[in-house]
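An overview of the molecular structure
Listed below are the residues making up each chain.
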Amino acid sequence: MNTERLSLLLTDCISKRSLRHGKLLHKHIVSSGLQQDISLCKKLINFYISLDCLQSARLVFKNIECPLDIALWNSLLAAYSRNHLYRETQLLFEELRSFSCVKPDGYTVPSVLKAFGALRCVQDGRKLHGWVIKALEKGRMVHESLIRSGYEMDVFVNSSLVDMYARCGSLVMARKIFDLVPNKTVVTWNSMISGYAITGDFIYSIHLFLNMNAEGVKPTSTTLCILLSLCSKLGNLQFGKFMHGYIIRNKVETDIFTDTALLDLYLRCGALQYAEDIFETITKMNCVSWNVMISGLVSRGCYDEALKIFNDMRNSGVKPDAITFASTLQACSQLSALQLGKEMHQYIVENKLEKEEVVAAALVNMYAKCGAVNDAHNVFDRMSKRDIVSWTTMITAYGSHGNTLEAIYLFQQMEKSETKPDGVAFLALLSACSHGGLVDEGHHYFDQMRVCYGIDPTLEHYSCVIDLLGRAGRVHEAYDILRHMPIKADVGLLGALFSACSQHGKVELGEKVAELLLEKDPDDASTYIVLSNLYAAAGKWENVRKVRWKMRERGLRKSPGCSWIEVDKRTHTFFVEDKSHPQAETIYETLDSLLLQMKREGYAPKSPNTTYP
């Protein structure tokens, strides 16, 4: 079989995406001693790239003794860059530079510059740190090399240079090149607009968009998505509406990406009606669009609506992914809808998504918040990789359900693993110690956080320690910490100490804390009520009357308490003295019956404070 015939057969394999037949041809080429034929090597590399078999493509390339054809390099560089394998792109380009007789061309530079720019964007927290901090310098070297060699800087290369400098945060250099480009294409404009958008520079991004319009360059879907995403990020609903109006006025044909960007904008800005209108107009919904709608509703606290959209998604035939379940499980956790959460879990198992990190973490969180701590731990135990969020969620679950020793044990296990505790993990542990009454242990971990891990306590940490001491009746120690801490106390911290004073009958200190609370929020009814009860418990009825009179003078009333319960996948909500439920009469009859039975068995309501008559 000759070279021309083999080349035609490989072309046929590419069009039919037949990996098996292509591999057989590859084997025949090697056995025939044709593995150094450049035309066949090009075909083989393109064949493997078309099927995303980049390792096989790299192997073919590696076996070429003298890869002097720049097209060979370009194919692999473009494939690496397109598949976000930026480090591989960088390494391959450095290998190319070692061949002095092979010169990069207009197809080489865009892929390489894209990789250098992207590497700089993902450097934070990555193990590639040693590589990527040199990305900008390497990009500059490529640029200077092009200038020295007299290389013709066409519009594609210039656009890539603008993109590379913009992604690396060197906007001054990006703008300098951008201003020198004579005939800017929409790609050039997009690169510069994107550069400003990445840094959150709203003014320059909009200014460029208006200039682009003035020069008669029509925006693409990419342009619109960049600007809409920037509006979402900054919460700028006004300009987001302007962009939407621009699309309508100019009869711009939107695609799924633009529609999804509009949907995300309105959801993030809380314009739910606009979001619903956009959602209903999208004809070809994909998983991303459904996910944006579901997660957007969850983030706005519309949990029931989010679960309804999830059901619509399933009925539409679109298969949910890991992100879908992460959002819907969050809705279940907020509604304490355990039964529905378990059904979600079953569906996740059926779709083999339980091992996905984001899903497993969401399952742990859902079970923990619904009070099913054992189920949460079962999922946690099966997790192949546990991040700091998963550890913290499990510690929080144990702590909030009174399993303080298990919370401490889990924290110690986390310390032994490769996961380093952060401030949130310590906050969960301190809260667990507070709920369990382990004052000395709480003090120990508070000191350990500062001394061993170098974490400066936040207001939340101080609140936890003060709550810990307050619950144990050591309110004066708590007050001493409050007076000497370097952060100004907020209402939450003062409220925790005030509640402790009330619980332990510390009237004098309670008055001081109440005064601080009322300075911050003079219209908080709960402060007056707790202070009134504190006076009543001490028999200071004149003070009680003064506090109650002050409440009436300010027109303050206590907000009604609220509770909810899930029955048959439906969440029922109740307020104090609420009789709006259709079964209210039966519920109150049952409650009266239970109270009567409790009295017969010797139980009495526990009331630490006595209000005035």
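Residues numbered from 1 in each chain as written. Predicted model: local features only at pLDDT ≥ 70, side-chain atom pairs only at ≥ 80, totals over all residues. Heavy atoms only, no water.

1. Some thoughts on a negative patch on the surface
What counts is decided by this rule: The patches described consist of residues with a relative accessible area above 30% and no salt bridge, like charges being joined within 9 Å and nonpolar side chains (Val, Leu, Ile, Met, Phe, Trp, Tyr) within 5 Å. Per-residue and other accessible areas follow the Shrake-Rupley method at a 1.4 Å probe size, with only the shown protein chains counted as cover for residues. Each salt bridge in this description consists of a side-chain nitrogen of Lys or Arg and a carboxyl oxygen of Asp or Glu lying within 4 Å of one another. Note on charges: Lys and Arg go in the positive column, Asp and Glu in the negative column, and His and the chain ends are not counted at all. Charge coordinates come from a single atom per side chain, which is NZ of Lys, CZ of Arg, CG of Asp or CD of Glu. Counting from the N terminus, the helices are the DSSP runs of H or I reaching at least four residues and the strands are the DSSP runs of E reaching at least two. Only protein chains enter the area calculation, which uses a 1.4 Å probe; residues under 20% of their type maximum are buried, those over 50% are exposed, and those in between are partly exposed.
A cluster of acidic residues, Glu276, Asp277, Glu280, Asp304 and Glu305, forms a negative patch on the protein surface. Of all the secondary structure elements, the ones that give two or more residues to the negative patch are helix H17 (272-281) and helix H19 (303-316). Assignment of secondary structure puts Asp277 in helix H17. On the basis of relative accessibility, which here comes to 37%, the residue Asp277 falls in the partly exposed class.

2. Looking at the side chain of Ser81
Note the threshold: Contacts are assigned to residue pairs that have any heavy atoms within 4.5 Å of one another.
For Ser81, the position within the fold is in helix H5 (residues 70-82). Apart from the residues lying within four places of it in its own chain, the contact partners of Ser81 are Tyr86, Thr89, Ser111, Lys114 and Ala115.

3. Some words on the packing of helix H28 (residues 459-471) against helix H29 (residues 475-484)
What counts, and what does not: A fitted line through C-alpha atoms serves as each axis, taken over the contacting stretch for helices, and the angle formed by two N-to-C directions is quoted from 0 to 180°. Oblique is the label for every angle not falling under 35 degrees (roughly parallel), over 145 degrees (roughly antiparallel), or within 65 to 115 degrees (roughly perpendicular). In this scheme, a crossing is called left-handed if the near helix is turned counterclockwise away from the far one by less than a right angle; it is called right-handed if the turn is clockwise. Following the grouping adopted for this structure description, the nonpolar residues are Ala, Val, Leu, Ile, Met, Phe, Trp, Tyr, Cys and Pro, the charged ones are Asp, Glu, Lys and Arg, and the polar ones are all others, Gly among them.
As a packed pair, H28 and H29 sit with axes 7 Å apart at the nearest point and diverge in direction by 160°. Between H28 and H29, the interaxial angle falls into the category roughly antiparallel. The crossing of H28 and H29 is left-handed. Judged by residue contacts, Tyr462, Val465, Ile466, Leu469 and Gly470 of H28 engage Val475, Glu477, Ala478, Ile481 and Leu482 from H29. Considered class by class, the residues forming the contact of H28 with H29 number eight nonpolar, one polar and one charged.

4. Re the confidence of the model for the protein
For clarity, the cut-off: Scored from 0 to 100, pLDDT records how confident the predictor is in each individual residue.
With 88% of its residues at a pLDDT of 70 or more, the protein shows a mean pLDDT of 83. The low-confidence segment residues 121-133, where pLDDT is below 50, has 12 contacts with residues more than four positions distant or belonging to other chains. Every residue in residues 608-613 is under pLDDT 50, and counting partners more than four places away or in other chains gives 17 contacts.

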